[in-house]
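# A closer look at the structure
Chain by chain, the residues:
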Amino acid sequence: MGEIEQKPTPASRLGAPENSGISTLERGQKPPPTPSGKLMTVKIQMLDDTQETFEVPQRAPGKALLDAVCNHLNLVEGDYFGLEFPDHKKIMVWLDLLKPIAKQIRRPKHVVVKFVVKFFPPDHTQLQEELTRYLFALQVKQDLAQGRLTCNDTSAALLISHIVQSEIGDFDEALDREHLAKNKYIPQQDALEDKIVEFHHSHIGQTPAESDFQLLEVARRLEMYGIRLHPAKDREGTKINLAVANTGILVFQGFTKINAFNWAKVRKLSFKRKRFLIKLRPDVNSSYQDTLEFLMAGRDFCKSFWKICVEHHAFFRLFEEPKPKPKPVLFSRGSSFRFSGRTQKQVLDYVKEGGHKKVQFERKHSKIHSTRSLASQPTASNSEVPKQSPQSASLTFGAGSESPSIQSCQQAKEAKVSTLESGPHQSPALSKSPPGSRAADGAAMVPPEEEEEEEGGKDGTQPSKRQPPQPSTELSINSQGGVAPTNVTLSPNLSPDTKQASPLISPLLNDQACPRTDDEEEGRRKRFPTDKAYFMAKEVSTTERTYLKDLEVIASWFQSTVSKDDSMPEALKSLIFPNFEPLHKFHTNFLKEIEQRLALWEGRSNAHIRGDYQRIGDVMLKNIQGMKPLAAHLWKHSEALEALENSIKGSRRLEHFCRDFELQKVCYLPLNTFLLRPLHRLMHYKQVLERLCKHHPPSHSDFRDCRAALAEITEMVAQLHGTMIKMENFQKLHELKKDLIGIDNLVIPGREFIRLGSLSKLSGKGLQQRMFFLFNDVLLYTSRGLTASNQFKVHGQLPLYGMTIEESEEEWGVPHCLTLRGQRQSIIVAASSRSEMEKWMEDIQMAIDLAEKSNGPTPELLASSPPDNKSPDEATAADQESEDDLSASRTSLERQAPHRGNTMVHVCWHRNTSVSMVDFSIAVENQLSGNLLRKFKNSNGWQKLWVVFTNFCLFFYKSHQDNHPLASLPLLGYSLTIPSESENIHKDHVFKLHFRSHVYYFRAESEYTFERWMEVIRSATSSASRAHILSHKESHLY
């Protein structure tokens, strides 16, 4: 008897590994050598109905043949597929990857092996390669034709309409009917022809890649999706069918599912002759017997089904490939069969880390030429999936590879732009769209995981053309200077998103000419004063430039846009703009005075009187005193922020107007953040003056003015401190509201934000990534929704009143695990690290204490979705959708509006980390601007950039005069270090930022500026100590 048995531990029930072991995906690890010897020829039928012939050694294991097929297809996610063939009894069986091929396929000349999908994931968005989704779409098409995928007429017509769109393109009724007459997708197709044509008319503009995605979106909701029925009988002799899926074992009567046994409930699977046995875990609430018995046609049928059950359990539930059992010395009992290959988690991690190269593939049945997308211009409309590029994929240069253009400029420039969020592929023709095109309207940002990289420069004779943002496309400059688009890279559970230019994408930071060599750069550098006070004064100047640009966003750009539209009420205009114009005028003069003082300090004029001007305190004192009459305007900013948010809440038109403005490049932060900039700036003045007073001895000529200025600014900050805390919380709640769907009343009086971040929620399906939002009265958990707007869908809420929290790593066998027990439900979550778990524990415990001191339970939050009250063992169909939801889901997706994809919520999701309100407050205080030299890991030259640090990001500009950033680098998750000797930097004042394979070097102009950049960046890359935010600050409610 063959059997598979799981140890009865909570960890195995939740899919956690019993032993961590060594990952099968370690870099540098090589597969076992293929045995040499006599070759055998095997015919493989592909999913597009073509036949290919492969020659493999007779002694080679089945894995060698599967690898050969995957390599032939350039398929990265080949682990979802398998090879099946008829055995000597004409039973269709899967090729065992560990056994020699010759022992399985006895007469290879007379056998055709089929390459088909073996493992169907619960969500097609987990398929991260366009080629993989195309092959899955072919499998769905095949299952429809063979009657294996049964569904109602509406679903069938919708499925076929997507297939037709991918094969012949946009709607043409005559062409459609001619194509349907020649191609039969289902047996009773004629009766559905009108409905198919009607559905196809609604798909205009969809590329083949989009059609594949939509086809899988419809198919995955069908009950028979990915199901292969195995005839059996129950104990009473009733004819039934057994099947296995990612969730467990299913029981069908005909094509109707009548029962399901989740992996969490199954303790042991075994077979004895032709009896298939399922041993369940004891459950007092269940009416099932301890062991269920099913009778199959024979032992071979029974063993074949048992094997596929073993493989499904391992692929979807385990973290890594199970280790082989030691061979018994004398007697063996049961089958030695085990799952071989990568688990789904390993596949997702491998593709996410980019351990592969993308290459092109051809769609055999598609009559659409790839140049079809060249003529179309980017539009503002949205799509849930990536556009197919003119070439679905292409090879790129590896890091550090050189091209022949090196001789013209001493270095080649390699620019690489890729994202985790998939939008449309754009062709080289689109990359040359005019500057005014809509494609370039989004703010240009760097994705959280794969940031923009560049090396060297282009030919100095050619002016640099800055590329517009290119969502989900990896670009590489080839030796002729052309751009080769490559396929899309998604992270686990991420759905492809929108057609618009994603704000997460960085354009190329190409220098106008060749980069200078280090010797030339040194020769051009001016010898500035070495006094630390000078660099403190210079910091005031550089940050003042950025502050003026931020004021201009409201006083100039926003006001100009508002004047062309009548969606904003006059009362709101008179509240916002009159309070910004005086500030902008005042700080323009302030900046001039600081720069004049610095010019004298540097000796650029009147060198004989330099000594009288080597100070900044008098300029600071004069202007801070001049700021006092403007205090009335500062008080108005909080009122303006509240009025704007209330007006947006009451006017859909104003909401759309403000959202469209946020998509402009100049608005590189959320709009309401700019309204608080004047309050934040006061804190920056206070910090600089504190450092100056600490630096100067009391006898210094500048000490008295610095101390007086510090006293003045401290008084102003103290007066506005309460308002500032209140407004920061108010602004953060409204910002989070834009990222969430399924919740109505997030912003209510008394609610305070504490922490947000990514945790893994444990359920019957195993570990599932969720986004958690902690407030002072409730904990929300959400998932990344399949919407064009990138928003997070609220799944449930846990009121903090009466909640308890405890570590449960030992109980569940999952690292960094916590159990949250509320009055109505309990959930188990796991953090990515010990430090993350401790942060969450401290903040949740603090929030529970606050809730206990409040007046009682929180009001209901969720707008439409009920709380998820399922225990970990009950998550059978938590997020399942029915066929009846198909049309509603499609229309809701179409109604979704564009949304910024580079918010802190998305960065935390991609980096699997968290950030608290304490961190946000520290980030507000730690803002910095200035010139830095940047170098990549494989480049030699340094590029000078104007860099602004704010909101946990580095924003890059060509110069301080630019109105919008060229790119950004979110720093959460990055490590900040000093280069080692082996890195051969050999320059002073250099710091290094690295995250996975991404490495950046930055060089400051002095010791002081180097220390300042290290200080502020460290505040973003490593969270502050978990000081209780409300025990150290007053609780300011609104």
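All of these numbers come straight from a predicted model, not from anything done at the bench. (Residues numbered from 1 in each chain as written. Predicted model: local features only at pLDDT ≥ 70, side-chain atom pairs only at ≥ 80, totals over all residues. Heavy atoms only, no water.)

Counting its regular elements, the chain contains 27 helices and 29 strands. The buried share of the chain, reckoned over its 1038 residues, is 57%. Restricting the contact set of the chain to residue pairs at least 6 apart, pairs at least 24 apart contribute 71%. Counting only carbon and sulfur atoms, one obtains 49% of the accessible surface of the chain, whose full area is about 43,900 Å². (Helix = DSSP H or I, 4+ residues; strand = E, 2+ residues; numbered from the N terminus. Buried < 20%, exposed > 50% of the residue type's maximum accessible area, 1.4 Å probe, protein only. Contact = heavy atoms within 4.5 Å. Areas by Shrake-Rupley, 256 points an atom, 1.4 Å probe, with all protein chains shown as cover.)

Among the six residues in strand 8 (residues 239–244), five count as buried, and that is most of the element. Counting the residues in the hairpin turn of strand 7 (residues 230–233) and strand 8 gives five residues, including Gly-237, whose phi is positive at 85°. When strand 8 meets strand 9 (residues 248–253), the two strands line up antiparallel, connected through four bridges. Considered in strand 9, the bridge of Ala-243 is made with Leu-250. Here strand 8 hands over to strand 9 after three residues, the two strands then running antiparallel side by side. (Pairing = 2+ DSSP bridges.)

Look at helix 20 (residues 703–739) against helix 25 (residues 917–925): their axes get within 12 Å of each other, and the N-to-C directions meet at 115°. As helix 20 packs across helix 25, the resulting crossing turns out to be right-handed. Residues Glu-728, Asn-729 and Lys-732 of helix 20 touch helix 25, and the partners they reach there are Met-917, Phe-920, Ser-921 and Val-924. Across the contact of helix 20 with helix 25, the residue classes break down as three nonpolar, two polar and two charged. (Axes fitted to C-alpha atoms, helices over the stretch in contact; angles between N-to-C directions. Left-handed = near helix turned anticlockwise from the far one by under 90°. Nonpolar A, V, L, I, M, F, W, Y, C, P; charged D, E, K, R; others polar.)

The strand order across the open sheet formed by seven strands is 26-25-24-23-29-28-27, and the pairing between neighbours is antiparallel. Either end of the sheet is taken by a strand with one partner, and the two such strands are strand 26 (967–970) and strand 27 (975–977). Across the sheet, the mean angle separating the axes of adjacent strands is 35° when strand polarity is ignored. Across three bridges, the pairing between strand 27 and strand 28 (residues 990–995) is antiparallel. Residue pairing for strand 28: Leu-976 is matched across the bridge by Leu-993. The sheet strands contacting helix 13 (residues 532–563) are strand 23 (928–936) and strand 24 (943–950), and the helix crosses strand 23 at an angle near 90°.

Spatially, the five strands line up as an open sheet ordered 3-2-6-4-5, and their pairing is mixed. The outermost strands of the open sheet, each flanked by one partner alone, are strand 3 (51–57) and strand 5 (92–94). When strand polarity is set aside, the average angle formed by the axes of neighbouring strands in this sheet is 40°. Bridge analysis of strand 2 (residues 39–45) against strand 6 (residues 112–117) gives three bridges, and the strand direction is parallel. Paired with Ile-44 across the strands is Val-113, a residue of strand 6.

Let us now look at the nonpolar core. Phe-558, Leu-954 and Trp-1013 are the most contacted members of the largest nonpolar core, which totals 128 residues. Sort the elements by how many residues they give to this core and helix 13 lands first, with 14 residues. Discounting residues that sit within four places of it in the chain, Phe-558 has contacts with Val-553, Met-568, Phe-577, Phe-657, Cys-658, Phe-661 and Leu-671. Counting 99 residues, the second-largest nonpolar core is a separate cluster that includes Leu-83, Val-164, Leu-216 and Leu-242. (Core = buried A, V, L, I, M, F, W, Y, C linked by side-chain atoms within 4.5 Å.)

Bringing the environment of Val-948 into the picture now. Here Val-948 lies in strand 24. Sequence separation between Val-948 and Ser-968 is 20 residues, and the spatial gap between their C-alpha atoms is 9.2 Å. Each residue touching Val-948, except ones within four places of it in the same chain, is listed here: Thr-546, Leu-928, Ser-929, Cys-953, Leu-954, Phe-955 and Tyr-957.

Along strand 29 (residues 998–1003), six of the six residues are buried, which leaves the element largely enclosed by surrounding structure. Neither face of strand 29 is left uncovered, since the one carrying His-998, Tyr-1000 and Phe-1002 and the one carrying Val-999, Tyr-1001 and Arg-1003 both have all their residues buried. Hairpin remark: strand 28 followed by strand 29, antiparallel, with two residues in the connecting loop; positive phi at Arg-996, about 55°.

Turning our eyes to something else, we now look at the environment of Leu-928. Tracing the backbone shows Leu-928 in strand 23. Sequence separation of Leu-928 and Leu-954 is 26 residues, and the distance between their C-alpha atoms is 9.5 Å. Every residue in contact with Leu-928, bar those within four places of it in the chain, is listed here: Glu-539, Thr-543, Val-947, Val-948, Phe-949, Arg-1012, Trp-1013 and Val-1016.

Looking at the chain, the pLDDT average stands at 75 and 70% of residues meet or exceed 70. For residues 1–32, every residue scores under 50 in pLDDT, and the model assigns this stretch 79 contacts once sequence neighbours within four places are set aside. Low pLDDT (under 50) marks residues 1024–1038, which in the prediction has 38 contacts with non-local residues, meaning those over four places away or in another chain. (pLDDT = per-residue confidence, 0-100.)

Turning to the pattern of salt bridges, a few remarks are in order. Scanning the model with the defined rule gives 47 salt bridges in all. The partner of Arg-681 in a salt bridge is Glu-544, and the shortest N-O contact between them spans 2.7 Å. Placement of Arg-681 in helix 19 (residues 677–695) and of Glu-544 in helix 13 is noted, with a sequence separation of 137 residues between them. One exposure class covers both Arg-681 and Glu-544, and it is buried. Taking the shortest distance from any N to any O, the salt bridge between Arg-545 and Glu-595 comes out at 3.0 Å. One end of the pair, Arg-545, is in helix 13; the other, Glu-595, is in helix 14 (residues 570–602), and 50 residues separate them in sequence. For Arg-545, a relative accessible area of 22% corresponds to the partly exposed category. (Salt bridge = Lys/Arg side-chain N within 4 Å of Asp/Glu carboxyl O.)

This structure, assessed with the given rule, holds zero disulfides. Not engaged in a disulfide, the cysteine Cys-309 finds its nearest cysteine sulfur in Cys-302; these two sulfurs lie 9.5 Å apart. Note on Cys-693: no disulfide assigned, nearest cysteine sulfur contributed by Cys-706 at a separation of 5.3 Å. The exposure class assigned to Cys-693 is buried, which follows from its relative accessible area of 14%. (Disulfide = S-S within 2.5 Å.)

Looking at the element boundaries, Thr-913 is found in the loop between helix 24 (904–911) and strand 22 (914–916). Reaching out from Thr-913, the side chain makes a polar contact with the side chain of Glu-836 at a distance of 3.4 Å. Not counting residues up to four positions away in its chain, the partners in contact with Thr-913 are Gly-757, Ser-758, Glu-836, Cys-908 and Leu-972. (Polar contact = N/O pair within 3.5 Å; in protein donor to acceptor, adjacent residues only side chain to side chain.)

As a packed pair, helix 13 and helix 17 (residues 652–662) sit with axes 11 Å apart at the nearest point and diverge in direction by 130°. As far as their axial angle goes, helix 17 and helix 13 are oblique. When the axes of helix 13 and helix 17 are compared, the crossing they make is right-handed. Contact with helix 13, carried on its side by Val-553, Trp-557, Phe-558, Thr-561 and Val-562, involves Phe-657, Cys-658 and Phe-661 of helix 17 and no other residues of that element. (Parallel < 35°, antiparallel > 145°, perpendicular 65-115°, else oblique.)

Attention shifts here to the packing of aromatic side chains. Taken as a whole and judged by the stated rule, the model has 32 aromatic pairs. Aromatic pair Tyr-80 and Phe-315: ring centres 5.5 Å apart, planes at 75°, arrangement edge-to-face. Of this pair, Tyr-80 sits in the loop between helix 2 (62–73) and strand 4 (81–86) while Phe-315 sits in helix 9 (residues 299–317); the two residues are 235 residues apart in sequence, bridging distant segments of the chain. Given the relative accessible area of 0%, Phe-315 is considered buried. When the centroid spacing of 5.7 Å and the interplanar angle of 55° are considered together, the rings of Phe-590 and Tyr-685 count as tilted. Note that Phe-590 is positioned in helix 14 and Tyr-685 in helix 19, a separation of 95 residues in sequence. Side by side, Phe-590 and Tyr-685 carry an identical accessibility label, which is buried. (Phe/Tyr/Trp six-rings, centres within 6.5 Å; stacked < 30°, edge-to-face > 60°.)

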